[in-house]
Amino acid sequence: MAWFKRSKENIASDSVKMELPDGLWEKCPGCGEIIHKKQLETYLWTCTKCDHHFRIGSQEYISILLDKASFKEYDKKMRSADPLDFVDSKKYTERVSDTIKKTGLNDAVRTGIGKIHDKEVSFACMDFSFIGGSMGSVVGEKISRAIDRAYKNKIPMIIISSSGGARMMEGAFSLMQMAKTSSRLARLAEAKLPYISILTDPTTGGTTASYAMLGDIIIAEPKALIGFAGPRVIKQTIGKDLPEGFQTSEFLLENGFVDFIVHRKDMRSKLITLLEYLA
Amino acid sequence: MNKTVLEFEKPILDLENKIVEMRKYSEVLDIDDEIVKLERKVQKLKENVYNNLTRWQKVQIARHPERPYTLDYIELMTKDFVELHGDRLCKDDKSIVGGFAKLDEYKVMIIGHQKGRDTKSNVYRNFGMPNPEGYRKALRLMKLAEKFDTPIITMLDTPGAYPGLEAEQRGQAEAIARNLFEMSKLKVPIVVVIIGEGASGGALGIGVGDRILMLENCWYSVISPESCSSILWKSWDFKEQAAEALRLTAIDLLRQKIIDRIVHEPLGGAHTNPPAMAAHLKMVLKEELSQLVKLKPDKLVDNRYEKFARMGVFNE
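Let me begin by describing the structure that accompanies this report. Note that the coordinates shown come from a computational prediction; the quantities given were computed from them, not determined experimentally.

A few points about the overall build of chain A
Link 1 in the chain: A count of helices and strands for chain A gives nine helices and 10 strands.
Link 2 in the chain: Whereas a compact globule of 279 residues would reach a radius of gyration of roughly 19 Å, chain A reaches 20 Å, a difference of no more than 12%.
Link 3 in the chain: When the backbone C-alpha atoms are referred to their principal axes, chain A occupies close to 65 × 50 × 40 Å.
Link 4 in the chain: Across the 279 residues of chain A, 55% fall into the buried class.
Link 5 in the chain: In the form shown here, chain A has an accessible surface area of approximately 13100 Å², with 50% of it arising from carbon and sulfur atoms.
Link 6 in the chain: Across chain A, the 40 positively charged side chains and the 35 negatively charged ones have centroids separated by 2 Å.

Next comes the structure, spelled out in structure tokens:
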């Protein structure tokens, strides 16, 4: 064994510094591997070397999970109002319009109806790139309407979460979206319609404490951060370092809060199998 | 007595102390008129101060260490209280209390956050910050109430759900989510009262109901002003601005249609006269219950569903 060879993650002795042409290559946050974007896309935005799952958006998940060209988007134009006239270091209205320009999205969730292996599902997928995937009135309303579509069309509901929690700039309105979406899911459950919740990196705060944790089946991507309070807050509260692997998908599986963890490349086939049992 | 005096209460207290001083001499000196004058001045000052509180000042009153807590209200408003403990899964969380009680002719299940008064009791109550066991105990008691057609009253007063290691391990998020899910379909009346601090999911975890009441000097929002300041302003020093920005007082929330009714407090806040506060709250609760018990269970659940469905503001 080469005892002088560094074995710690991220510290590769044989790495050569190189200039990356802008936009063509990505560096894996997990192992430091430099991967060409085309290759990354082929591997569904997971690292070819360490299987790290890159954060991706709703558009990517739609292409990975749903039948080709089957997705019909709803409520695409819905946008945040500014009910509190909220200003911090920046006006909320500016923050929203800047983010819309930057991301090309109108808010932090995309919803609609699509097909998985020819089976219709009501589908919602959050976008972390939009103000940290935060849940305000728009996310709450769009998710609620998506659940309504599942209810009315008697089809399964699938939600992919990726969110830092409730959106502060809408105050109590954001908080109430937790109650609103949860009560919708209660009605869906009474109608015996299935709800599958998929947790991706990160899923925290009010999103976790509402629809993310209420799936009949809860699936997580590997090594995602999932929790209620953020790690920094917990560390401050208890005044100790957090154990390794705390608040990861694997930690939740071990403690009994997710049904299973699945690699992104196998997600679609798992959903197909599950839907055979549930719908 | 080691009384807590808030900054804006000081001028009032100074005048009141002066009156006490003067009374001592009123036997020998003819200063009765002066005293009456001063008393009027105090009353005016009080009205002026308490009718013009900033949002941050209300947050401070909501956190006043002498403010009545859930068990105080139970003691002052009800009789034959039978406290019930434990979630039947893991523990008895001391930061949420609950049990059967009689509010005059109404047999109810009362559940609420519970803070402590001093260091020792605060440690015992975990400063009113529940772990998952607390929410699961609350849900157990609510299901029990449903089984025996008993209306539920919940009292919200928490700085937040506890952000701890074990809390995460035992599923803090799941416990809160489950309560929102289950409370939305309970077939008995639920009256929610915010009696102090309504901090985010930790408060909402027992806060889904048919009528949401809020005492005058309370706050209820998605985050505390301090945490909001630290995240958005990247410093703890902007809590006053954060409190303003969050629009978190009873009047704000009534305007936002998130609460249904403001319950007035004695001038100076609930802590200045807990018995009067409790008597008034009791009257309001009975009024609300008398309306809700008339509704059929299905209607009750439908209304509750519609109520939360309406919350939110957006553009299409």
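Some details on the packing of aromatic side chains
Link 1 in the chain: Counted according to the given criterion, the structure contains four aromatic pairs over all chains.
Link 2 in the chain: A centroid spacing of 5.0 Å and a plane angle of 70° characterise the contact between F246 of chain A and F251 of chain A, whose relative ring orientation is edge-to-face. No difference in accessibility class separates F246 of chain A from F251 of chain A, as the two residues are buried.
Link 3 in the chain: For R149 of chain A, the ring lying beneath its charged end belongs to Y74 of chain A, and the centroid distance is 4.2 Å.
Link 4 in the chain: Cation over ring: R117 of chain B sits above Y69 of chain B, and NZ or CZ is 4.0 Å from the ring centre.

Remarks on the layout of surface pockets
Link 1 in the chain: For the largest pocket, the calculated volume is near 1500 Å³.
Link 2 in the chain: Along its surface, the largest pocket is lined by 45 residues, and G230 and V233 of chain A together with I223, S227 and I231 of chain B are the ones closest to its centre.
Link 3 in the chain: Contributions of two or more residues to the lining of the largest pocket are made by α5 (171-190), α6 (205-208) and α7 (231-238) of chain A together with α9 (200-204) and α10 (225-232) of chain B.
Link 4 in the chain: Residue composition of the lining of the largest pocket, by class: 23 nonpolar, 17 polar and five charged.

Remarks on empty space enclosed by the protein
Taking a probe equal in size to a water molecule and rolling it over the atoms shows the remaining empty space.
Link 1 in the chain: Throughout the structure, instances matching the rule amount to two cavities of 30 Å³ or more.
Link 2 in the chain: Its volume calculated, the largest cavity comes out at about 90 Å³.
Link 3 in the chain: For the largest cavity, the lining is made up of 14 residues, of which G227 and L252 of chain A together with E168, G171 and A173 of chain B are closest to its centre.
Link 4 in the chain: Contributing elements (two or more residues each) for the lining of the largest cavity: α8 (249-254) of chain A together with α8 (172-183) of chain B.
Link 5 in the chain: For the second largest cavity, the full set of lining residues is H53, F54, R55, I56, Y61, S162, T200, D201, E221 and R264 of chain A.
Link 6 in the chain: Across the lining of the second largest cavity, the residue classes break down as three nonpolar, three polar and four charged.

Focus: the packing of helix α4 (residues 137-153) of chain A against α5 of chain A
Residues and elements named next belong to chain A.
Link 1 in the chain: Here α4 crosses α5 at 5°, and the two axes come no closer than 9 Å. Our classification of the angle between α4 and α5 gives roughly parallel. Mapping the contact onto sequence places S137, G140, E141, I143, S144, I147, D148, A150 and Y151 in α4 and F173, Q177, K180, T181, R184, L185, R187 and L188 in α5.
Link 2 in the chain: Of the residues contributing to the contact of α4 with α5, the split by class is seven nonpolar, five polar and five charged.

What to know about the packing of helix α6 (residues 132-147) of chain B against α8 of chain B
All names here are of chain B.
Link 1 in the chain: Packing of α6 against α8 brings their axes to within 8 Å, and their N-to-C directions diverge by 20°. Considering their axes alone, α6 and α8 lie roughly parallel with respect to each other. The crossing of α6 and α8 is left-handed. For the pair formed by α6 and α8, the contact residues are P132, Y135, R136, A138, L139, M142 and K143 on the first element and Q172, E174, A175, I176, R178, N179, E182 and M183 on the second.
Link 2 in the chain: Of the residues assigned to the contact of α6 with α8, the class counts are eight nonpolar, two polar and five charged.

Things to note about unusual backbone geometry
Residues and elements named next belong to chain A.
Link 1 in the chain: Across the junction of D201 and P202, the peptide omega takes the value -10°, indicating a cis bond.
Link 2 in the chain: Looking at the element boundaries, P202 is found in strand β8 (residues 195-203).
Link 3 in the chain: Backbone geometry places D51, a non-glycine residue, at a positive phi of 70°.
Link 4 in the chain: Its location among the elements puts D51 in the loop between α1 (37-42) and α2 (58-65).
Link 5 in the chain: Take D51: its relative accessible area is 42%, and that puts it in the partly exposed class.

Section: the pattern of salt bridges
Link 1 in the chain: Per the stated rule, a full pass over the model turns up 47 salt bridges over all chains.
Link 2 in the chain: Between E39 of chain B and R23 of chain B there is a salt bridge whose closest N-O contact spans 2.2 Å. Of this pair, E39 of chain B sits in helix α2 (residues 32-50) while R23 of chain B sits in helix α1 (residues 10-25), and the two are 16 residues apart along the sequence.
Link 3 in the chain: With a shortest N-O distance of 3.1 Å, R178 of chain B and E174 of chain B are connected by a salt bridge. Taken together, the residues R178 of chain B and E174 of chain B, both in helix α8 and four residues apart, mark about one turn of the helix.
Link 4 in the chain: Residue E174 of chain B is classed as buried on the basis of its relative accessible area, which comes to 15%.
Link 5 in the chain: Salt bridges sharing partners connect three or more residues here, namely D75, E141, R145, R149 and K180 of chain A together with E316 of chain B.

What counts as what
Residues numbered from 1 in each chain as written. Chains lettered and ligands numbered in written order. Predicted model: local features only at pLDDT ≥ 70, side-chain atom pairs only at ≥ 80, totals over all residues. Heavy atoms only, no water. Helix = DSSP H or I, 4+ residues; strand = E, 2+ residues; numbered from the N terminus. Rg over C-alpha atoms; globule rule 2.2 N^0.38 Å. Buried < 20%, exposed > 50% of the residue type's maximum accessible area, 1.4 Å probe, protein only. Areas by Shrake-Rupley, 256 points an atom, 1.4 Å probe, with all protein chains shown as cover. Lys, Arg positive; Asp, Glu negative; His and termini not counted. Charge placed at Lys NZ, Arg CZ, Asp CG, Glu CD. Phe/Tyr/Trp six-rings, centres within 6.5 Å; stacked < 30°, edge-to-face > 60°. Lys NZ or Arg CZ within 6 Å of the ring centre and 35° of its normal. 1 Å grid on protein atoms, 1.4 Å probe; cavity = no way out; pocket = protein on both sides within 12 Å on 5 of 7 lines; lining within 4 Å. Points joined across faces, edges and corners; volume = space filled by probe spheres on them. Nonpolar A, V, L, I, M, F, W, Y, C, P; charged D, E, K, R; others polar. Axes fitted to C-alpha atoms, helices over the stretch in contact; angles between N-to-C directions. Parallel < 35°, antiparallel > 145°, perpendicular 65-115°, else oblique. Contact = heavy atoms within 4.5 Å. Left-handed = near helix turned anticlockwise from the far one by under 90°. Salt bridge = Lys/Arg side-chain N within 4 Å of Asp/Glu carboxyl O.

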